[in-house]
Every structure is written in C-alpha cells, then in structure tokens.
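Spelled out from the first residue to the last, the chains are:
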Amino acid sequence: MARGTLHSPKADDQRRRRNAPTHAEMVLLRDGQLRGPELTELTSRPFGDDTLAWFDDWRRSPQAAVFELTDWRRLALLAPIVESYLRRPSAAALSEIRMNEERLGATVVDRMRARMRIEDSDETPAPVLRLADARKGLRDRLAGDE
C-alpha cells in the first residue's frame, strides 16, 4: 500500500505480484476492556489528567489486546513528551508522539499498513462522537487556555 493513502490492500488473488504477505491479517475486537498496567505502575512521575486520559485511551484500544510489556513501556516513555506537548505544543514533540503512536497502530492508515482490522464485539456498540459535543469540548478547552 502506498504510504498515506486510505485504500485497502488488494485481495491476495488480485495482486500483480504474488509475493506472500509477510504476516497475516490480525483481527482485533473493539470491546472497551481496560488492559495493561496503569501509568503509575510503569513510572513514578505524576501526570496530569489529560495525559492519564491519553494513556487510558490506549489501554482501552483494541490494539492493546496484543501489546507486550515493551509496548506499555514505550507508552510510558512517551507520556512525559505528551505531558510536555499538552502544556506547550511544539512540532518536535508532536513529531515524536506521532512516530511512536504510528508504530503501535494509532490511525486507520497505520493499522492498514500493519494488517490490523478492528471489528466491533457483539455486546459493545461502536463509540459515536457527536459533532456538537466535539465543538463544545474544543471551545471549553480553548477558553481554559486564556
């Protein structure tokens, strides 16, 4: 797949090159289960609410079902950069966050490249974000920065 596109990979029987994929597709369930250690278990440093929420988002992500201790430690090492970025945004910090999150399958394109597919479990509906709620949250956050 070309980098940066949102096109799904072709089916194996439709490919021009018949090289076998290097690894099989991984199907992950979106079940909302909290996985992995708490951030405070991996580091003794205190963090703000936004950083703790960021870490808990990763703990609830479908990708967390396949995380090993090394993946959790990578997130713990990234947490101070996230904390710093939330206080004073910088292009360098954002670049480091993006690169590390990419390796863990943060975006749709990252998961497609890693051959990860997320399916909803039968008992948990997909989360829905209403546009009005997103706007209000952004307004509240911007008002708090003043």
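These numbers come from a predicted model, not from an experiment.

(A) Highlighting the overall build of the chain. Tallying secondary structure elements over the chain gives six helices and two strands in all. Put simply, the chain runs from its N terminus to its C terminus through helices and strands in the order β-α-α-α-α-α-β-α. Looking at the 146 residues of the chain, the share that counts as buried comes to 25%. Considering only contacts in the chain between residues 6 or more positions apart, those separated by 24 or more positions represent 69%.

(B) Quick look at the packing of helix α3 (residues 69–87) against helix α4 (residues 91–103). For the pair α3 and α4, interaxial distance at closest approach is 10 Å and the crossing angle is 150 degrees. The orientation of α3 with respect to α4, classified from their angle, is roughly antiparallel. Handedness of the crossing formed by α3 with α4: left-handed. Of α4, the residues touching α3 (which contributes R74, L78, I81, V82 and Y85) are A93, L94, E96, I97, N100, E101 and R103. Across the contact of α3 with α4, the residue classes tally to seven nonpolar, one polar and four charged.

(C) Just the pattern of salt bridges, in detail. Inspection of the entire model under this criterion finds eight salt bridges. A salt bridge links R59 to D56; its shortest N-O distance comes to 3.3 Å. Taken together, the residues span about one helical turn, with R59 and D56 both in helix α2 (residues 49–60) at a distance of three residues. Taking the relative accessible area as the measure of exposure, D56 reaches 31% and is therefore partly exposed. The residue R98 makes a salt bridge to E102 at a minimum N-O spacing of 2.9 Å. Of the two residues, R98 and E102 both sit in helix α4, four residues apart, roughly one turn of that helix. The class of R98 is partly exposed, set by a relative accessible area of 45%. Connected through salt bridges with shared partners, the residues E25, R117 and E119 form a single ionic network.

(D) Quick look at unusual backbone geometry. Of note, the phi angle at R115 is positive, near 60 degrees, even though the residue is not glycine. Note that R115 resides in the loop between α5 (108–113) and β2 (116–120).

(E) Expanded view of the side chain of E83. Turning to its location among the elements, E83 is positioned in helix α3. R87 provides the closest opposite charge to the buried, salt-bridge-free E83, at an N-O distance of 4.2 Å.

(F) Focus on the packing of aromatic side chains. For the structure on display, the rule yields four aromatic pairs. Ring-pair connections join several aromatic residues into one group, and the members of that group are W54, F55, W58, F67 and W72.

(G) Quick look at the nonpolar core. One finds L39, W54, F55, W58, F67, W72 and L75 to be the most contacted residues of the largest nonpolar core, which totals 16 residues. Of all the secondary-structure elements, those providing two or more residues to this core are α1 (39–42), α2 and α3. Take this core: its biggest share by element is six residues, from α3. With residues near it in sequence (within four places) discarded, L75 still touches W54, F55, W58, F67 and L104.

(H) Focus on α2. Taking 1.5 Å per residue, 12 residues should reach 16 Å; α2 reaches 16 Å between its end C-alpha atoms and fits that length. At its buried positions, α2 is contacted by α1, α3 and α4.

Definitions and limits used
- Residues numbered from 1 in each chain as written.
- Predicted model: local features only at pLDDT ≥ 70, side-chain atom pairs only at ≥ 80, totals over all residues.
- Heavy atoms only, no water.
- Helix = DSSP H or I, 4+ residues; strand = E, 2+ residues; numbered from the N terminus.
- Buried < 20%, exposed > 50% of the residue type's maximum accessible area, 1.4 Å probe, protein only.
- Contact = heavy atoms within 4.5 Å.
- Axes fitted to C-alpha atoms, helices over the stretch in contact; angles between N-to-C directions.
- Parallel < 35°, antiparallel > 145°, perpendicular 65-115°, else oblique.
- Left-handed = near helix turned anticlockwise from the far one by under 90°.
- Nonpolar A, V, L, I, M, F, W, Y, C, P; charged D, E, K, R; others polar.
- Salt bridge = Lys/Arg side-chain N within 4 Å of Asp/Glu carboxyl O.
- Lys, Arg positive; Asp, Glu negative; His and termini not counted.
- Phe/Tyr/Trp six-rings, centres within 6.5 Å; stacked < 30°, edge-to-face > 60°.
- Core = buried A, V, L, I, M, F, W, Y, C linked by side-chain atoms within 4.5 Å.
- Expected span 1.5 Å × (residues − 1).

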